[in-house]
Amino acid sequence: MKFIGTRGSEGERRFSEVILNPAAPNGGLYVPKKLPKVDERFLIRFLSDNEEKSYKSLAKGVLGLFKIDIDKDLINKALYTYLRNFDDDEVVPVVKVKSDLSVAELWHGPTRAFKDMALQPFGVILSELAKKKDEKYLIMAATSGDTGPATLKTFENKENIKVVCIYPHNGTSEVQKLQMVTTTAKNEKVLGILGDFDDAQSALKNLLKNKDFKKSLSEAGLKLSAANSVNFGRIIFQIIYHFWSYLKLVENGEINLGDKIDLIIPSGNFGNALGAYYAKKMGLFVDKIIIASNKNNVLYEMIKFGRYDLRDKRLIKTISPAMDILKSSNVERMLFDKFGEERTKELMESLERDGYFVLTPDELKEIQKDFDADFATDGECEEIIRRYANKENYLMDPHTATAIKAYENLKEKGKIKNYVVAYSTAEWTKFAPSIYYALTGEDVEREIVENEEVTISDKDAIAYIETHYDVKAPDVIRELFEKEIVNENIINKNAIKEEILKFIKE
Ligand SMILES: *Cc1c(COP(=O)(O)O)cnc(C)c1O
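As the structure is a prediction and not an experimental result, all values here were calculated from the model.

The rules behind these values
Residues numbered from 1 in each chain as written. Predicted model: local features only at pLDDT ≥ 70, side-chain atom pairs only at ≥ 80, totals over all residues. Heavy atoms only, no water. Salt bridge = Lys/Arg side-chain N within 4 Å of Asp/Glu carboxyl O. Helix = DSSP H or I, 4+ residues; strand = E, 2+ residues; numbered from the N terminus. Buried < 20%, exposed > 50% of the residue type's maximum accessible area, 1.4 Å probe, protein only. Domains from an automatic or database assignment. Contact = heavy atoms within 4.5 Å. Buried area = accessible area lost by both parts, 1.4 Å probe. Polar contact = N/O pair within 3.5 Å; in protein donor to acceptor, adjacent residues only side chain to side chain. Nonpolar A, V, L, I, M, F, W, Y, C, P; charged D, E, K, R; others polar. Pairing = 2+ DSSP bridges.

(A) Highlighting the pattern of salt bridges. Applying the stated criterion across every chain, the model contains 42 salt bridges. Arg-7 serves as the salt-bridge partner of Glu-352, at 3.0 Å between the closest nitrogen and oxygen. Of this pair, Glu-352 sits in helix 15 (residues 331-354) while Arg-7 sits in the loop between strand 1 (3-5) and helix 1 (15-20), and the two are 345 residues apart along the sequence. Judged by relative accessible area, which is 43%, Glu-352 ranks as partly exposed. Notably, a salt bridge pairs Glu-366 with Lys-338, separated by 3.3 Å at the nearest N-O pair. Here Glu-366 is found in helix 16 (residues 361-368), whereas its partner Lys-338 is found in helix 15, with 28 residues between them in sequence.

Written out as structure tokens, the structure is:
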């Protein structure tokens, strides 16, 4: 399997190269030159043969199709994280909620959000590659709350890797923050900045362009890599579970092999959705991939109207913060697949230079063959959370609620014709106060504003939900409230560079 750039290439790259150096020429991203194809025979293998009926076997099977330049032993070791660090034997349980709707839960990993699905195995591969090449890497992650904990977790105490995680102080949930600031690993540094997620991200981007900074890194013998979803090493693991969901529906008797299904995906950077698109291209029986957004609905506008326009947009804070994103990086990979390198470069440069791009009517039609979209307000998500907890006995987090809202909306409009898998991207425990307000209806008029005083703590909200609903927070969440805070460094964004330099010299 060879990789090429979305905005032109300087030769082809192997998997091990694009995972260590994820930035492609001209500001582009790496994509597979050609996707492998599957047929029914491939799928049947994981249904009938009991030995192959596990998530890990399926993952091995799907990765095997890509023929990546990673040793079998290392792939095995990476996939073993699904057995060791996930709390459900199924890895991704697929739960029936309505007669034509199942929810696939992507949050049974150690940090209780979907980022673990890719970052757990990815961390093993990246650090082993670094070790084998005798190179040291610095991973810098700006996070709005889920990527940070998952990155810190997967790289904790890993050789040849250092991690700096930058999060907006007051911009994450208490649980998310505790997951970061209680990190004890010596190879990891957590920086809380006074500012929002955009500040964290742009500070990081500026740093990557800073010559002084780069010089200091190379003097310290460090190379840079990235663990966000621009790294194809993450995308490849986000293809597998779409196959899994499908196979589970067949196994549960919800569909027959060969039937088409729709997937609904709570989306921000479009990495999860891109995995679904690749799975469909590979031959999985998927009809529509439905993108669910919150009020930051740039993806909705692109898929419905063919324009991506940031000119009069400001980021809106919502109760689904992992989807509070305006510049969705993996859209570029889909555009490349549809329209090729030249057009992708043109569209992305227009977005970067002028703040928008517009697709032709034909291009829009092409995208709508595979995608549909919807979005939900915070109020709508709260209503969904409350109603499903009380009437359907299913408790979900606010990100998942955007997907369920899309299901209801599109169903009402008669636009859902197939069995539906909606993805649940976080456990309720990560956003307990929002869920508490949704369930109690208390404070429904509450607007999320910057630096708002949270009136109920995560711990109390979790306790309330546990007493009133049939759920229990896992130990990894409970223990957070007892742990010592050892890695909290609240700084001004101008001080990031200095802090990182101090850390890498330690
Ligand atoms: C990251 C994340 C998303 C968005 O996924 P993308 O791949 O960026 O589209 C949705 N929900 C949760 C809880 C997340 O952590």
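So, next bit.
(B) Representation of the domain arrangement of the chain within the structure. In terms of domains, the chain is made up of domain 1 (91-112 + 234-427) and domain 2 (430-474). In this assembly, 18 residues from domain 1 lie in contact with 15 residues from domain 2. For the pair domain 1 and domain 2, the two sides together bury roughly 1,500 Å², of which 67% comes from carbon and sulfur. Looking at the side of domain 1 facing domain 2, the largest losses of area belong to Lys-317, Glu-382 and Leu-395, adding up to 33% of the total buried there. Along the contact surface separating domain 1 from domain 2 lie 0 salt bridges. The interface formed by domain 1 and domain 2 includes 4 residue pairs in polar contact (both at pLDDT 80 or more). Mapped onto the side of domain 1 that touches domain 2, the elements with two or more residues apiece are helix 17 (378-391) and helix 18 (398-412). In terms of residue class, the side of domain 1 that touches domain 2 is built from 8 nonpolar, 3 polar and 7 charged.

(C) Spotlight on the pairing of strand 4 (residues 101-105). Summarising burial for strand 4: 5 of the 5 residues are buried, a large majority. Burial along strand 4 is two-sided: Leu-101, Val-103 and Glu-105 and Ser-102 and Ala-104, pointing in opposite directions, are all buried. Across 4 bridges, the pairing between strand 3 (residues 94-98) and strand 4 is antiparallel. Paired with Val-94 across the bridge in strand 4 is Ala-104. Turn length for the strand 3-strand 4 hairpin, with the two strands adjacent in sequence and antiparallel, is 2 residues. As paired elements, strand 4 and strand 14 (residues 419-424) share 5 bridges and run parallel to each other. Looking at strand 14, one finds that Ser-102 is bridged to Val-421.

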